[in-house]
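Here's the letter readout for the chains.
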Amino acid sequence: MTQQRALHFPKSFLWGTASAAHQCEGGNTNNQWYRWEQQGRILSGEQCGDACDWWREAEKDFTFAEQMENGALRLSIEWSRVEPDEGRWDKDALERYRVLLADLHQRHITPVVTLHHFTEPLWFVDRGGFAHEQNVQYFVRYVTYVTQHLRDLCDFWITINEPNVYATEGYLRGVFPPGEKNLQLTFQVLRNLIQGHVAAFYAIRSIQPESRIGYCLHYRLFEPSNPLSPLDQGIARTQEGLFNWALLQAAETGRFPFPTNMFLPPISGAAGARDYHGINYYTRETVRFDPTLPHELFGRRFIRPGAICNDAGLDGSFGEIYPEGLYRVLQTVYRRTHGNKPLYITENGFCDAADSRRPAAILAHLAMLHRAIREGIPVRGYFYWSLVDNFEWNHGWYVRFGLVEIDPLTQRRVPRPSASMFGEICRANALTESTVERYAPELLDTIFGSSETHRQPSFFI
Ligand code: FCB
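Values in this document were obtained by computation on a predicted structure and should not be read as measured data. (Residues numbered from 1 in each chain as written. Predicted model: local features only at pLDDT ≥ 70, side-chain atom pairs only at ≥ 80, totals over all residues. Heavy atoms only, no water.)

## Some thoughts on the overall build of the protein chain
Quick note on the threshold: Numbering of helices and strands starts at the N terminus; helices are DSSP runs of H or I of at least 4 residues and strands are runs of E of at least 2. Here the radius of gyration uses the C-alpha set of atoms, whereas the globule reference equals 2.2 Å times the residue count to the power 0.38. Think of it in three bands: with a 1.4 Å probe and only protein chains considered, a residue is buried below 20% of the maximum accessible area for its type, exposed above 50%, and partly exposed in between. Residue contacts follow a heavy-atom distance rule, with two residues in contact if any of their heavy atoms lie within 4.5 Å. Computed by Shrake-Rupley with a 1.4 Å probe, the accessible areas treat only the displayed protein chains as cover when residues are assessed. In this charge count, Lys and Arg are treated as positive and Asp and Glu as negative; neither His nor the chain ends contribute. By convention, the charge on Lys lies at NZ, on Arg at CZ, on Asp at CG and on Glu at CD.
For the protein chain, the count of helices and strands is 16 helices and 13 strands. On C-alpha atoms alone, the protein chain measures out to a radius of gyration of 21 Å, which is about the 23 Å that the 2.2 N^0.38 rule sets for 461 residues. The buried share among the 461 residues of the protein chain stands at 60%. A fraction of 74% describes how many contacts in the protein chain between residues 6 or more apart in sequence connect residues 24 or more apart. Accessible surface, the protein chain as shown: approximately 17,900 Å² in total, 51% of it carbon and sulfur. Taking the average place of the 46 positive charges on the side chains of the protein chain and the average place of its 53 negative ones, the gap between the two points comes to 4 Å.

Structure representation (structure tokens):
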């Protein structure tokens, strides 16, 4: 009998899915995203409403994670529930989180808890949120309270999700609350978020010395439309530098790169303030210089013609499916951080309501992840975004990332083929030939081909 070919992942590699409170819980009416929705700013005009009904019944969906033999599940705490008014703590809300975390433990699933995933209580927003440095203390007080009360149930924390998306979408492009378009403010917010992370890191560390604490950044690649055009090249490099690397550098060293360091005071204690690097990776963009777009830093971003894509969303923003980008991001983060900490893919996912491209996309990305690990990059876990379809911020229900499909009207669930596939991968802790053959036979050669094809994977590029 010939042996089945497989790409094995390291022992104790953590497989899971990721989610966020506002997108799944339902009934969150005390944060800025609810206000944004009330102002008619959701592109689809939809309402978050009961979302996936997790406040009442998340446990039902945790069963899918258990069936897939996931070792971890990433979820977030909704600050506006735990501290609905300044300094007033809601014990019942906290108790619900305790029940959820205990339920995960019973299923042998490690909870990974995000403390800030885009949403904040209105009282904090009305004080100016992260635009004001003096508000960081409120975030740290909330983090301290949560850690003190959940420390027996969680020791793996993500302080802040994607400061770069939060700041650029909300303060530069104006498509997330508070809808500002102000470059200087964007940087101020970024700085204060990193300061928030650093202060939260030390707060958690002092309560729970044995915990794992980090934050996650959203990494996007930007390619020049015409590689021979110095303008396209310059703009792509600037956008990529500002979106990904300036923030990584600031978080690593406490200082933003020149010239932004001229007006942003350094953050003390930043160096070493993390136990891992959290990486959220989705797509790459192609960029052409365009002098009419100052708010996009003079770059018109678009999808490379002919690319295999996610479902478009209402503004076409979900982009190209580009597996090699994951490898490139891992390599670059590893190099830029001098390999000082392990890495986790804290989000990677695809919106594909029909599930026609997702299985191949997951497999191709995992092959790239495996390649990085083979080359010595210490990636310790992978979280698919997301377990179930959920309310996608300013897009509403229009884009579907879930391994499990949800009809938001009836709350009916139907696992997509990708869910069975992900289960096979987690159980085997490997990409096996039979899984690839079943779900994306066109990838067999790319994934298991000669070592030459391993080095030069051709699919999806
Ligand atoms: C990430 C967000 C997450 C979800 C996915 C699709 O940027 O962290 O909440 O919206 O994109």
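Once the structure has been displayed, the description carries forward.
## Notes on the packing of aromatic side chains
We describe a pair of aromatic rings using the distance from one ring centre to the other and the angle between the two ring planes. Quick reminder of the rule: Aromatic pairs are defined between Phe, Tyr and Trp rings, using the six-membered ring for Trp, whenever the two ring centres lie within 6.5 Å; interplanar angles under 30 degrees are classed as stacked, those over 60 as edge-to-face, and all others as tilted.
In the structure shown here, the tally under the stated rule is 37 aromatic pairs. Relative to Tyr145, the ring of Trp89 lies with its centre 4.0 Å away and its plane at 10 degrees, an arrangement referred to as stacked. Here the residue Trp89 occupies a position in the loop between helix 4 (79-82) and helix 5 (91-106), and Tyr145 occupies one in helix 7 (residues 136-150), the gap between them amounting to 56 residues. The exposure class of Trp89 is partly exposed, given its relative accessible area of 22%.

## Overview of the site of the ligand
This is how it is decided: The criterion for a residue being near a molecule or strand is simple. One of its heavy atoms has to lie within 4 Å of it. As used in this structure description, the phrase polar contact means that two N or O atoms lie within 3.5 Å; if the pair is within protein, one of them must be able to donate a hydrogen and the other to accept it, and residues adjacent in sequence are counted only when both atoms belong to side chains. Residue type decides the class: Asp, Glu, Lys and Arg count as charged, Ala, Val, Leu, Ile, Met, Phe, Trp, Tyr, Cys and Pro as nonpolar, and the leftover types, Gly among them, as polar.
In the vicinity of the ligand, the contacting residues are Gln23, His117, Asn161, Glu162, His218, Tyr282, Glu347, Trp385, Glu392, Trp393 and Phe401. In this structure, Glu347 approaches the ligand through a side-chain N or O atom, which is 3.0 Å from an oxygen atom. At 2.9 Å from an oxygen atom of the ligand is found a side-chain nitrogen or oxygen belonging to Trp393. A total of 300 Å² of accessible area belongs to the ligand in isolation, and the protein chains cover 94% of it. In terms of residue class, the shell around the ligand is built from 4 nonpolar, 4 polar and 3 charged.

## Quick notes on the pattern of salt bridges
In plain terms, the rule: The salt bridge definition used is simple: a Lys or Arg side-chain nitrogen within 4 Å of an Asp or Glu carboxyl oxygen.
Tallied over the entire structure, the rule returns 36 salt bridges. Linking Arg35 and Asp126 is a salt bridge whose minimum nitrogen-to-oxygen distance equals 2.9 Å. You can see Arg35 sitting in helix 2 (residues 32-38) and its partner Asp126 sitting in the loop between helix 6 (122-125) and helix 7, a full 91 residues away along the chain. In this structure Arg35 comes out as partly exposed when scored by relative accessible area, which is 29%. One salt bridge connects Asp389 with Arg416, and the closest N-O pair in it is separated by 2.8 Å. Linking Asp389 in the loop between strand 10 (379-385) and strand 11 (404-407) with Arg416 in the loop between strand 12 (412-415) and helix 13 (417-428), this pair joins segments that are 27 residues apart in sequence. For the pair Asp389 and Arg416, a shared accessibility class is recorded, and that class is buried.

## Here we look at the packing of helix 9 (residues 183-207) against helix 10 (residues 230-253)
Formally: Axis definition: a line fitted to C-alpha atoms, limited for helices to the stretch in contact. Angles are taken between N-to-C directions and run from 0 to 180 degrees. Throughout, the term roughly parallel applies to angles under 35 degrees, roughly antiparallel to angles over 145, roughly perpendicular to angles from 65 to 115, and oblique to all others. Handedness of each helix crossing follows the sense of rotation of the near helix against the far helix: counterclockwise by less than a right angle gives left-handed, clockwise gives right-handed.
Viewed as axis vectors pointing N to C, helix 9 and helix 10 meet at an angle of 40 degrees, and their least axial separation amounts to 10 Å. On the basis of their axis angle, the class for helix 9 and helix 10 is oblique. Considering the relative orientation of helix 9 and helix 10, their crossing is right-handed. Within the contact between the two elements, helix 9 uses Phe187, Leu190 and Ile194 and helix 10 uses Leu242, Leu247, Ala250 and Ala251.

## So, helix 3 (residues 54-67)
Each full turn of the α-helix corresponds to 3.6 residues, which orients residues three or four apart in the same direction. Note the following rule: To estimate how far a helix should extend, the number of its residues minus one is multiplied by 1.5 Å. Think of it this way: the bend at a residue is just the angle between two axes, each fitted to seven residues, one set ending at that residue and the other starting at it.
End to end, helix 3 covers 18 Å across 14 residues, agreeing with the expected 20 Å (1.5 Å per residue, within 8%). In helix 3, a bend of some 30 degrees at Lys60 exceeds every other bend along the element. Those residues of helix 3 that are buried lie in contact with helix 1 (21-24), strand 3 (72-76), helix 5, strand 11 and strand 12. Positioned one or two residues after helix 3, Glu69 has a phi angle of 55 degrees, which is positive.

## Looking at the side chain of Arg358
Position of Arg358 among the secondary structure elements: in helix 12 (residues 358-374). In this structure Arg358 comes out as buried when scored by relative accessible area, which is 0%. Of the polar contacts made by the side chain of Arg358, one reaches the backbone oxygen of Phe350; its length is 3.0 Å.

## Looking at the confidence of the model for the protein chain
Let me state the cut-off plainly: Confidence of the predictor at the level of single residues is captured by pLDDT, which takes values from 0 to 100.
Averaged over all residues, the pLDDT of the protein chain is 95; the fraction at 70 or higher stands at 97%. Predicted confidence is poor over residues 451-461, with pLDDT under 50, and the contacts of this stretch with residues over four places away or in other chains come to 27 contacts.

## Overview of the packing of helix 8 (residues 163-172) against helix 9
Where helix 8 meets helix 9, the axes come as close as 9 Å, and the angle between the chain directions of the two elements is 155 degrees. Looking at the two axes, helix 8 sits roughly antiparallel to helix 9. Of the two possible hands of crossing, helix 8 and helix 9 adopt the one that is right-handed. Taking contact as the criterion, the partners of Pro163, Asn164, Tyr166, Ala167, Thr168, Tyr171 and Leu172 in helix 8 are, on helix 9, Leu183, Leu185, Thr186, Val189, Leu190 and Leu193. Classifying every residue of the contact of helix 8 with helix 9 gives 10 nonpolar, 3 polar and no charged.

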